[in-house]
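Structure at a glance
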Amino acid sequence: MKPLTKPAKRFLTGMIAATTIGLSSVTMAADTIKVGILHSLSGTMAISETTLKDTMLMLIEEQNKKGGLLGKKLEPVVVDPASNWPLFAEKARELIEKEKVASVFGCWTSVSRKSVLPVFEELNGLLFYPVQYEGEESSKNVFYTGAAPNQQAIPAVDYLMNEIGVKRWVLAGTDYVYPRTTNKILEAYLKAKGVAEPDIMINYTPFGHSDWQSIVSDIKKFGSAGKKTAVVSTINGDANVPFYKELGNQGISAEDIPVVAFSVGEEELSGIDTAPLVGHLAAWNYFMSVDDPANDAFIESWHKFIKSEDRVSNDPMEAHYIGFNMWVKAVEKAGSTDTDKVVEAIIGVEVPNLTGGTAKMLKNHHITKPVLIGEIQDDGQFSVVWQTEGAVPGDAWSDFLPGSKDIIADWTPPISCGNYNTKTKKCSGQYY
Amino acid sequence: MRHRLWHHPALSSLLLLLTWLCMPAMADEDSAALETAFELFQSKSFDHKAEGIELIARSGHERSKTILEALLKSRLFIKRDDKQIVIGEKLGKQYRINSALAAENLGTIKKRKLKKVGINNNLRRQIRTALATIDLSHPDPSVRLEAAQSMTGKTDQASLDLFRTILKLEQDSKVREALLNALAIAQLDAPDPQERLKAIDQVAGNLDPAIRAKLAHLEQDKNYPEVAQAAKRALDSIEFKLQIFSVLETLFFGVSLGSVLVLAAIGLAITFGVMGVINMAHGELIMLGAYTTYLIQQLLPDYTGVSLLISIPAAFVVSGLVGILIERTVIRFLYGRPLETLLATFGISLILQQLVRTLISPQNVPVSNPEWMSGALEINSVLALTYNRLYIILFCLLVFIALFLILKRTSLGLQVRAVSQNRDMARAMGVRSARVDALTFGLGSGIAGVAGVALSQLTNVGPNLGQSYIIDSFMVVVFGGVGNLWGTLVGGLSLGVANKILEPWSGAVLAKILVLVFIILFIQKRPRGLFPQKGRAAGD
């Protein structure tokens, strides 16, 4: 071996010093409660998930300022699954087995959630999942703080049908599990409401699709049949930008054919000029523009934490806010961070949301949420044009799919099952 | 919901009465209507606002058009302190406000002190119709024409009466035509079958979708077979025209998709085609071009058009320099080892992506389109060519021609071709092959940067921009024939058109797969692509 050069030596000593400091911080951390944050900080999903990591760091910091939890400080453990689905499972295992975290807040795409589910069930961990999803799932170890289809898609369709008088429907989505399942539910729902087959057009596009010319032109033709037409879009994330641009360029305004989107929020709009999109709709459970003191306070502390006045807040951030506060309350109630005790204590816990109401954890591990419909404004914000009377309870298994009509999830005794058939009175054990 | 006093119908009418009574004697009735409308705008209910808009539209006040336009563009605000309705204009972080009624300058004010008068789609539609009605008596015939056209098919009884009145006075033939058309469409619903027949004659050959829907309805008319037949004839001729235009449309879509493919691939045609370097970081060089556009736009926020034009050479330089850097530091040690080159450049692509994520933002960045690139060139009501696509097609051809001339007409081009055909011989003739390699790679990379400028106008500018184009680029180059610019052009355009022909009946996902399968089969038959290199250059 060659003798080390001077800089290399300096580098090595530095490394050793760094490792010892790292080690000592681990030993010091013995009387903290660790909270795992499992969001991609690199790769395709970094665009959405980085914000959620920052949100969690802010919430934990604030809780520590209030004196921590059970007399201990909370310690965030951030890992980067790099938008790589199998890596999500590995990182989840690392968080639970090696870091011994009390709970994990994370995942965005459904495929990443499906990838970590077996790990959480095997190691009896706790996952709070903050994004709207396709439903058809309820695991003992997962709490779904985002919207189930009946808390976003169905009310949005109701709004279009009853308030706008839409008769013809385009269901456009990106080709993966969330849009496919949601559209299946919506198609069944529309047909149940008496919409005929020829009045429904379903279209799927690949991830990151950027050439929307023919699809928009098809939508235009579909919409020129003399009946009021609307597009229900489950197009994922940033494929929306060229889609809306094309709509604008081909002269389709929101007044002619409104598009209601389930995956377009303030964060997605902050990347584009929204002037041509004014009037298109989105259905969420939270908008940054909601006029409420709790929301104002949240936005203010977010801007302070992230050190920028320009950053927006969005629906999944609110979901983490709710989920984190629910977990804190449940741990306080149980007096312990033990998974089984927390799972039992959290059912029925009620915390304020950011839109002036409260969210309650239900027996099926979903929560109650109000549904808001907003129109896009030229400043990239939404203005609420309609909202449900009260909060809507999340439904794990859709009532509009033939396979899951009779299935419910109830994690309290005597049922204690995520997939319980009310007709046959049997628990299938297949929770996802 | 918080109730305000004026929400209550009885109270609001009382308020209306009071406003009327309290009006100073000097104020005319028009202003009174506006004042009442402004009271209604304070309400949260969209129905109240609709009443307000109606009042303004009917008032005939000289300010009504300005006020409605401001409302449509969300520039109408309520001052939080004295509830006055003002028109605001953004000035940095502040707003310069004018009172809506008197156009009196009220100075500048912070955004928080203003509350926007919110509207929804129904109100927007109402305002647009109201504005068009006002425009129908505009002195400029082109404005009148646009107003008449925008109201076609959306008329109610009141506007039809208005149309008839205006028609008596209208001199301009085009406006008359548009008005008659709008009336005819409304007449298709007339109770008298003779009226309907006349209307069908009037609209024959018109491609407006509203007409098609109504004709299709008339065709089913069992009571008047004469009307049904006339409708069917008119419909058939319309359908025939539609088919022709739909073929033209598909062709345009195909060519525009193709030109994007060509733009993305043409830089690769040089680095991969001419030099034989499998550059997986090609997509990231495109991305750097797009980010250059973004950065220059940040420097010149008020001149979108100019900054876009400046971006073209700037992106060429930035991506070109990065390309040269990659070539000098990595690729030149790996010539003749394609697998290692592939892996090394793939690594570089990941580094470049993460660099952008760390230095700029993991989020997509906004790049705005200049005014002249938005909208569409309307050939008729079914065929509209979007301007951004037209410009991209044009731009693609320009880039192609420029590159072609560089390779065929300049000494650099000569040297590049010499080195790519026979490196040793070229060196023996005194060509500094290392320098030529670096410049060629720089040229290909620079062109990728220029493609990035074009793509920034079509799609998202973000760290993942390059990844979505790298596969397509290789596909085009391999299909067109390695080492041949013409091949890239023809290959790209034909793949674009093929994709667009397949898309309507197979869906976008399957169309992409089918095109790939086709290329695999094609390469089996002709391993060297559409335009294989001939002669000694091909010998390897």
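Notes on the structure follow.

Conventions we followed
- Residues numbered from 1 in each chain as written.
- Chains lettered and ligands numbered in written order.
- Predicted model: local features only at pLDDT ≥ 70, side-chain atom pairs only at ≥ 80, totals over all residues.
- Heavy atoms only, no water.
- Helix = DSSP H or I, 4+ residues; strand = E, 2+ residues; numbered from the N terminus.
- Rg over C-alpha atoms; globule rule 2.2 N^0.38 Å.
- Buried < 20%, exposed > 50% of the residue type's maximum accessible area, 1.4 Å probe, protein only.
- Contact = heavy atoms within 4.5 Å.
- Core = buried A, V, L, I, M, F, W, Y, C linked by side-chain atoms within 4.5 Å.
- Phe/Tyr/Trp six-rings, centres within 6.5 Å; stacked < 30°, edge-to-face > 60°.
- Lys NZ or Arg CZ within 6 Å of the ring centre and 35° of its normal.
- Pairing = 2+ DSSP bridges.
- Axes fitted to C-alpha atoms, helices over the stretch in contact; angles between N-to-C directions.
- Disulfide = S-S within 2.5 Å.
- Patch = residues over 30% accessible without salt bridge, like charges linked within 9 Å, V, L, I, M, F, W, Y side chains within 5 Å.
- Areas by Shrake-Rupley, 256 points an atom, 1.4 Å probe, with all protein chains shown as cover.
- Salt bridge = Lys/Arg side-chain N within 4 Å of Asp/Glu carboxyl O.
- Buried area = accessible area lost by both parts, 1.4 Å probe.
- Polar contact = N/O pair within 3.5 Å; in protein donor to acceptor, adjacent residues only side chain to side chain.
- Left-handed = near helix turned anticlockwise from the far one by under 90°.
- Lys, Arg positive; Asp, Glu negative; His and termini not counted.
- Charge placed at Lys NZ, Arg CZ, Asp CG, Glu CD.

This part takes up the overall build of chain A. When you go through chain A residue by residue, the secondary structure sums to 12 helices and 19 strands. In terms of overall dimensions, chain A is globule-like: its C-alpha atoms have a radius of gyration of 23 Å, near the 22 Å expected for 432 residues. Dimensions along the principal axes, computed over C-alpha positions, put chain A at roughly 80 × 60 × 50 Å. Across the 432 residues that make up chain A, the buried fraction comes to 60%.

Right, let's get into the overall build of chain B. The secondary structure content of chain B amounts to 20 helices and 7 strands. Radius of gyration (C-alpha) of chain B: 31 Å, far over the 24 Å computed for a compact globule of 540 residues. In terms of its C-alpha atoms, chain B occupies a principal-axis envelope of roughly 100 × 65 × 45 Å. In chain B, which comprises 540 residues, the share counted as buried stands at 48%. Of the contacts made within chain B by residues no fewer than 6 positions apart, 64% connect residues no fewer than 24 positions apart.

Here the focus is the nonpolar core. When a protein is soluble and globular, its nonpolar side chains tend to lie buried together. Counting 67 residues, the largest nonpolar core has Leu263(B), Ile266(B) and Leu495(B) as the members making the most contacts within it. When contributions to this core are tallied by element, the ones reaching two or more residues are helix H11 (225–274), helix H12 (282–299), helix H14 (338–359), helix H15 (387–409), helix H16 (411–421), helix H18 (433–456), helix H19 (467–480) and helix H20 (485–525) of chain B. The greatest single-element share of this core, amounting to 12 residues, is contributed by H11(B). Apart from the residues lying within four places of it in its own chain, the contact partners of Ile266(B) are Val399(B), Phe400(B), Leu403(B), Ile447(B), Leu485(B) and Thr488(B). Val35(A), Tyr129(A), Tyr286(A) and Ala345(A) belong to the second-largest nonpolar core, a separate cluster that totals 64 residues.

Each aromatic ring pair is specified by the distance between its two centres and by the angle formed by the two planes. Scanning all chains against the criterion turns up 27 aromatic pairs over all chains. Aromatic side chains Phe38(B) and Phe41(B) sit 6.2 Å apart centroid to centroid with 35° between the ring planes, which places their arrangement in the tilted category. Residue Phe38(B) and its partner Phe41(B) are both found in helix H2 (residues 29–41); the two are separated by 3 residues, about one turn of the helix. We classify Phe41(B) as buried; its relative accessible area is 1%. Grouped by ring-pair contacts, the aromatic residues Phe105(A), Phe128(A), Phe143(A), Phe324(A) and Trp327(A) constitute a single cluster. For Arg168(A), the ring lying beneath its charged end belongs to Phe222(A), and the centroid distance is 4.0 Å. Here the basic side chain of Arg423(B) rests over the ring of Tyr335(B), its NZ or CZ set 5.6 Å away from the ring centre.

This part takes up the sheet that holds strand S2 (residues 73–79) of chain A. Residue and element names in this part refer to chain A. Strand order in the open sheet made by the 5 strands is S2-S1-S3-S4-S5, with parallel pairing throughout. Each having just a single partner strand, S2 and strand S5 (142–144) make up the two edges of the open sheet. Between one strand axis and the next, the sheet turns through 25° on average, direction left out of account. With 2 bridges connecting them, strand S3 (residues 103–106) and strand S4 (residues 127–129) associate as parallel partners. Along S4, the bridge assignment pairs Val-104 with Leu-127.

All names here are of chain A. Applying the stated rule across the entire model yields 1 disulfide over all chains. Here Cys-417 pairs with Cys-427 through a disulfide, and the sulfurs are 2.0 Å apart. Of note, the bridge from Cys-417 to Cys-427 carries an S-S torsion of about 85° and is right-handed in sense. With Cys-417 in strand S18 (residues 417–421) and Cys-427 in strand S19 (residues 426–427), the pair connects residues that are 10 residues apart, well separated along the chain. Residue classification places Cys-417 among the buried residues on the basis of a relative accessible area of 0%. Owing to a relative accessible area of 39%, Cys-427 belongs among the partly exposed residues under this scheme.

On the surface, Trp505(B), Leu510(B), Ile513(B), Leu514(B), Val517(B) and Leu521(B) cluster together into a nonpolar patch covering about 600 Å² of accessible area. Position of Val517(B) relative to the elements: it lies in helix H20.

It is common to report an interface's size as the accessible area lost on association of the parts. Every contact between the two is made by 48 residues of chain A and, on the other side, 48 residues of chain B. A buried area of about 3,800 Å², summed over both sides, lies between chain A and chain B, and 41% of it is on carbon and sulfur atoms. Our count for the chain A to chain B interface comes out at 7 salt bridges. With a shortest N-O distance of 3.2 Å, Glu375(A) and Arg124(B) are connected by a salt bridge. Inspection of the region where chain A meets chain B yields 15 residue pairs in polar contact (both at pLDDT 80 or more). Among the secondary structure elements, those contributing two or more residues to the side of chain A that touches chain B are helix H2 (46–65), strand S7 (200–205), helix H7 (213–222) and helix H8 (240–249) of chain A.

Glancing now at the packing of H11(B) against H20(B). For the pair H11(B) and H20(B), interaxial distance at closest approach is 7 Å and the crossing angle is 140°. At the point where H11(B) passes H20(B), the crossing takes the right-handed sense.

The next point concerns a negative patch on the surface. A cluster of acidic residues, Asp291(A), Asp296(A), Glu300(A), Glu309(A) and Asp310(A), forms a negative patch at the surface. You can see Asp310(A) is positioned in the loop between helix H10 (293–306) and helix H11 (315–334).

Residues and elements named next belong to chain B. Sheet architecture is open: 5 strands sit in the order S4-S3-S2-S1-S5, paired in antiparallel fashion. The open sheet is flanked by strand S4 (105–110) and strand S5 (114–116), the only strands paired with a single partner. When strand polarity is set aside, the average angle formed by the axes of neighbouring strands in this sheet is 45°.

Another point: the pattern of salt bridges. The full count for this structure, using the stated rule, is 35 salt bridges over all chains. Ionic pairing is found between Lys116(B) and Asp379(A), a salt bridge with its closest N-O pair at 4.0 Å. Taken together, the positions of Lys116(B) in strand S5 and Asp379(A) in the loop between strand S14 (372–376) and strand S15 (382–387) put the pair across two chains. Judged by its relative accessible area of 25%, Lys116(B) falls in the partly exposed class. Asp379(A) sits in the partly exposed class, given a relative accessible area of 40%. Across the pair Asp82(B) and Lys79(B) runs a salt bridge whose closest N-O atoms are separated by 3.6 Å. Several salt bridges share partner residues, and in doing so they unite Asp211(A), Glu246(A), Arg389(B), Lys500(B) and Glu503(B) into one network.

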